[in-house]
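Letter by letter, the chains look like this.
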Amino acid sequence: MSLKCGIVGLPNVGKSTLFNALTSAKALAANYPFATKDPNVGMITVPDPRLDKLTEIVNPQKTIPTTVEIVDIAGLIKGASKGEGLGNQFLGNIREVDAILHVVRCFDNDNVIHVDGSIDPVRDKDIIDTELIFKDLDTCEKRLEKLKKQAKSGDKGDIKNVETAEAFKAHLEQGKTARSFSLEEDQIDLYKEMYFLTAKPILYVCNVDEDSAISGNDHTRAFAEAVKDEDAEVLLVSAGIEADISELETKEERLEFVQEMGLEEPGVNRLINSSYKLLKLITYFTAGEKEVRAWTITIGTRAPQAAGVIHTDFEKGFIRAEVIQYEDFINYGSESAVKEAGKMSIEGKDYVCQDGDIMHFRFNV
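A quick note: this is a predicted structure, and the numbers were derived from the prediction, not measured.

So, how was this worked out
- Residues numbered from 1 in each chain as written.
- Predicted model: local features only at pLDDT ≥ 70, side-chain atom pairs only at ≥ 80, totals over all residues.
- Heavy atoms only, no water.
- Pairing = 2+ DSSP bridges.
- Helix = DSSP H or I, 4+ residues; strand = E, 2+ residues; numbered from the N terminus.
- Axes fitted to C-alpha atoms, helices over the stretch in contact; angles between N-to-C directions.
- Contact = heavy atoms within 4.5 Å.
- 1 Å grid on protein atoms, 1.4 Å probe; cavity = no way out; pocket = protein on both sides within 12 Å on 5 of 7 lines; lining within 4 Å.
- Points joined across faces, edges and corners; volume = space filled by probe spheres on them.
- Nonpolar A, V, L, I, M, F, W, Y, C, P; charged D, E, K, R; others polar.
- Buried < 20%, exposed > 50% of the residue type's maximum accessible area, 1.4 Å probe, protein only.
- pLDDT = per-residue confidence, 0-100.

A word on the sheet that holds strand β2 (residues 40-45). Spatial strand order, β2-β4-β1-β5-β6-β7: 6 strands in an open sheet with mixed pairing. With one partner strand each, in any of the chains shown, β2 and β7 (233-237) form the two edges of the open sheet. Across the sheet, the mean angle separating the axes of adjacent strands is 25° when strand polarity is ignored. Direction of pairing for strand β1 (residues 4-8) relative to strand β5 (residues 99-105): parallel, over a ladder of 4 bridges. Across the sheet, I7 pairs through a bridge with L101, a residue of β5. Helix-sheet contacts for helix α4 (residues 121-151) involve β5 and β6 (202-207), and the interaxial angle to β5 is about 145°.

This part takes up the layout of surface pockets. For the largest pocket, the calculated volume is near 860 Å³. What lines the largest pocket is a set of 30 residues, and nearest its centre among them are P47, K251, R254, P266 and N269. Elements with a contribution of two residues or more to the lining of the largest pocket: α1 (15-23), β2, α2 (49-58), α8 (239-247), α9 (251-260) and α10 (267-278). For the lining of the largest pocket, the per-class residue count stands at 16 nonpolar, 7 polar and 7 charged. Approximately 540 Å³ is the volume found for the second largest pocket. If you trace the second largest pocket, you find 23 residues lining it, with R179, I202, E230, D231 and A232 closest to the centre. Listed by contribution, the elements that provide at least two residues to the lining of the second largest pocket are α4, β6 and α10. Top element by residues in the lining of the second largest pocket is α4. It accounts for 5 residues. In terms of residue class, the lining of the second largest pocket is made up of 7 nonpolar, 5 polar and 11 charged.

This part is about α1. With 8 of its 9 residues buried, α1 lies for the most part within the structure. Along α1, the residues classified as buried are K15, S16, L18, F19, N20, A21, L22 and T23. Two residues or fewer past α1, S24 is found with a positive phi of approximately 55°.

Of all residues in the protein chain, 90% have pLDDT values of 70 or greater, and the mean over the chain is 88. Here residues 25-37 scores under 50 on pLDDT; set against residues more than four positions off or in separate chains, the count is 35 contacts.

By secondary structure assignment, the location of S275 is in helix α10. With residues up to four places along the chain from it excluded, the contact list for S275 reads C5, L101 and L203.

Within strand β10 (residues 318-324), 5 of the 7 residues are buried, which leaves the element mostly enclosed by the surrounding structure. Of the pairings in the sheet, the one linking β10 to strand β12 (residues 358-363) comprises 6 bridges and is antiparallel in character. In the strand pairing of β12, A321 is matched with F361. Sheet topology places β10 next to strand β11 (residues 345-347); 3 bridges connect them, and they run antiparallel. Residue pairing for β11: E322 is matched across the bridge by I346.

Further remarks concern unusual backbone geometry. Despite not being glycine, Y195 has its phi angle at roughly 50°, a positive value. Tracing the backbone shows Y195 in the loop between α6 (188-194) and β6. The exposed category is assigned to Y195, whose relative accessible area is 61%. Of note in this structure, K280 is not a glycine but carries a positive phi near 60°. On the basis of relative accessible area, K280 is assigned to the exposed category, the value being 54%.

The following block contains the structure:
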C-alpha cells in the first residue's frame, strides 16, 4: 500500500526520537530546532499476534508481516504558513501524507529546550492547528476566486460550488479545522478537491516522561480536556523509553523491559496499530508451507482488488476467492480440517474482504 502517516509537531517535542524507535532508522535527533529539514521516511512492521499464531500452526519456511510507511516531518513554527522556518517545504510534506500523528511535548526537562520557552501542549497544538488552518484558508480563497469566475455563466452547479466554498472559508476563519466541518452530500466532491491539510485524520501522541507512561500527568490531562470534542485518539508514549526498548536485541529482552516498566506492550505497538486504523487499513492473510504473509488493504476492498495487491495478474484473471475466517482456522488447526468441516467459503467478485480473512485466489491469465 502507498498510504503513509506523517509525524508532525513543534521542534524538540520528540518526533525524531519517536521515529527512530518506530523504525530503528537512527535518524538525527538533536537538541535544537530544525534538526530534521528533509523528511525521514521509514517502513514500520505492523505487530499482529494473529500472524504469530498462524506461523505456529502452519510452520512455513518464512513469515512476512505487513508494513506502514511513516514520515518524520520537520518541526513547524509560528509563521510556517507564510514560509517561516522553511514553512512551505514542511507544509508540502504534510500535504503528501494520508494521516497525521501529531506529537505534543508533555514532559518537563530543563536540558531539552522548547522553542517557546515553556511546556504547554495545548498551546503547542493550537500553534500547529493555526498554521495548517491558515494554509487551508489560503487554498480555499484561491479556489473561491476561480469558482466565482466560473459561476458568472449562471450554471447552477457552479453557483452551488461558490456557496460551498464560502461556507468552508467561513468555517476556517473561525479557527476550526476542515475535518470538523459538517458536510452535506452535495458538498463532498468539492471538499475532496480542496485537499485541505486539516481534513486529514489525526492521532495525538503525548510524549511523556518515564513516570507518566502509564497514567499520564497534569500536561496530558489538560491536553485530553482540550481535545475531548474532537474525533481523535490520544496516546501516551514515552519516546525515550521506546528508544531504549528499540535498542534491545531480542523480542524476549524487549518484553522483559516492558513488563518491568509495568506496561502491557511497547507504546510503539499501540501507536503503529492506531496508525493502521487511522488509515482505514485492514489485514488479510495467505498461509502455506512456503510462507505465511499479512497483506494490507483498505476497508471495503473487494476480492479482485485484494488479489491485485499480491499481483496485478491475480486481479485481471480473478475467478474466485477461497476464504477461511481466522477463528475457524485457529479452531480447526489446518486448512484441510476447515474444508472438511465445511467452513471454507467460495466468494466471487463482489465479496468485501474482512479483517483477518485467510484467502486463496483462483485466477486465469
